[in-house]
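Given next are the chains, with one letter for each unit.
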Amino acid sequence: MIKGLDHLGIAVTDLDAAIAQWIALTGGILMHREVVASQQVEVAVITIGALRIELLQPQTESSPIAKFIARRGAGIHHLALEAAPAQAELDRLKTAGVQLIDEHLRPGAEHTEVGFLHPRAAGGVLLEFVEHPDR
Ligand code: ZN
């Protein structure tokens, strides 16, 4: 089942500067920061009320985020929806012929498991399904 918005992912070139900027602009709170090796990114999570923003800085030039920034510049990268169980949602869409990036969940930030649909599947929007195993 899809439960609703989990977070917005934003590609940035300078994580420290982006954190300071978002906090100054919104009064948001830095909740979490970690390197997600599987995606070659450093992630900072900022909460603004009920909204969670995930700032993503590439760690390598081959990171998907580095490729995104090279192609389209920094900015909104993906929309993440909470799903439980998320694998069942990926399976359902695969069966329906929807183009996926991930057929199987992989580790995300904050002990989540995540899977991405191909942007072609949603009119150019990169959709992420997120499952929080501790919820
Ligand atoms: Zn995300």
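Cut-offs used in this document
Residues numbered from 1 in each chain as written. Predicted model: local features only at pLDDT ≥ 70, side-chain atom pairs only at ≥ 80, totals over all residues. Heavy atoms only, no water. 1 Å grid on protein atoms, 1.4 Å probe; cavity = no way out; pocket = protein on both sides within 12 Å on 5 of 7 lines; lining within 4 Å. Points joined across faces, edges and corners; volume = space filled by probe spheres on them. Helix = DSSP H or I, 4+ residues; strand = E, 2+ residues; numbered from the N terminus. Nonpolar A, V, L, I, M, F, W, Y, C, P; charged D, E, K, R; others polar. Pairing = 2+ DSSP bridges. Salt bridge = Lys/Arg side-chain N within 4 Å of Asp/Glu carboxyl O. Buried < 20%, exposed > 50% of the residue type's maximum accessible area, 1.4 Å probe, protein only. Donors = N, O, S within 2.8 Å, 3.2 Å for Na, K, Ca; no water. Tetrahedral: all angles 85-135°; square planar, octahedral: opposite > 155°, others 65-115°. Contact = heavy atoms within 4.5 Å. Polar contact = N/O pair within 3.5 Å; in protein donor to acceptor, adjacent residues only side chain to side chain.

On to the layout of surface pockets, then. Counted as a void, the largest pocket has a volume near 620 Å³. As for the largest pocket, its lining consists of 35 residues, of which Pro64, Ile65, His77, Phe116 and Leu126 are closest to the centre. Here the lining of the largest pocket gets 6 residues from one element, more than from any other, and that element is helix 2 (residues 64–72). Residue classes in the lining of the largest pocket are distributed as 18 nonpolar, 9 polar and 8 charged.

With respect to topology, 8 strands assemble into an open sheet ordered 2-3-4-1-5-8-7-6, the strand pairing being mixed. Where the open sheet ends on each side, the last strands, each with one partner, are strand 2 (29–36) and strand 6 (106–107). Inspection of the sheet shows strand 2 paired to strand 3 (residues 41–48) by 7 bridges, in the antiparallel sense. Looking at the pairing, Leu30 lines up with Ile46 of strand 3.

Throughout the structure, instances matching the rule amount to 8 salt bridges. Between Asp6 and Arg52 there is a salt bridge, with the nearest N and O atoms lying 3.1 Å from each other. Here Asp6 is found in strand 1 (residues 2–11), whereas its partner Arg52 is found in strand 4 (residues 51–58), with 46 residues between them in sequence. Grouping residues by exposure puts Asp6 and Arg52 together as buried. For Arg52, the salt bridge identified is with Glu110, shortest N-O distance 3.0 Å. With Arg52 in strand 4 and Glu110 in the loop between strand 6 and strand 7 (113–116), this pair connects stretches of sequence that are 58 residues apart. On the basis of relative accessibility, which here comes to 22%, the residue Glu110 falls in the partly exposed class.

What follows deals with the pairing of strand 7. Of the pairings in the sheet, the one linking strand 6 to strand 7 comprises 2 bridges and is antiparallel in character. In the strand pairing of strand 7, Arg106 is matched with Val114. Linkage of strand 6 to strand 7, two consecutive antiparallel strands, is achieved through a turn of 5 residues, within which Glu110 is found at a positive phi near 55 degrees. As paired elements, strand 7 and strand 8 (residues 127–131) share 4 bridges and run antiparallel to each other.

In the first shell of the zinc ion, the protein supplies His7 (NE2), Glu54 (OE), His78 (NE2) and Glu128 (OE), at 2.0 to 2.2 Å from the metal. In this structure, the zinc ion is surrounded by 4 donor atoms whose angles at the metal cover 86 to 166 degrees, and the resulting shape is irregular.

Among the structural elements, Phe116 can be located in strand 7. On a C-alpha basis, the gap between Phe116 and Leu90 in space is 8.6 Å, while along the polypeptide they are 26 residues apart. Residues contacting Phe116, with those up to four places away along its chain left out, are Gln39, His78, Leu100, Ile101, Asp102, Arg106, Leu126, Leu127 and Glu128.

Residue placement: His77 occurs in strand 5 (residues 75–83). Taking relative accessible area as the criterion, His77 reaches 12% and is therefore assigned buried. Polar contacts involving the side chain of His77 include one to the side chain of His78, which spans 2.8 Å. His77 has contacts with Gly9, Ile10, Ala11, Leu56, Ile65, Phe68 and Leu126, leaving out every residue within four places of it along the chain.

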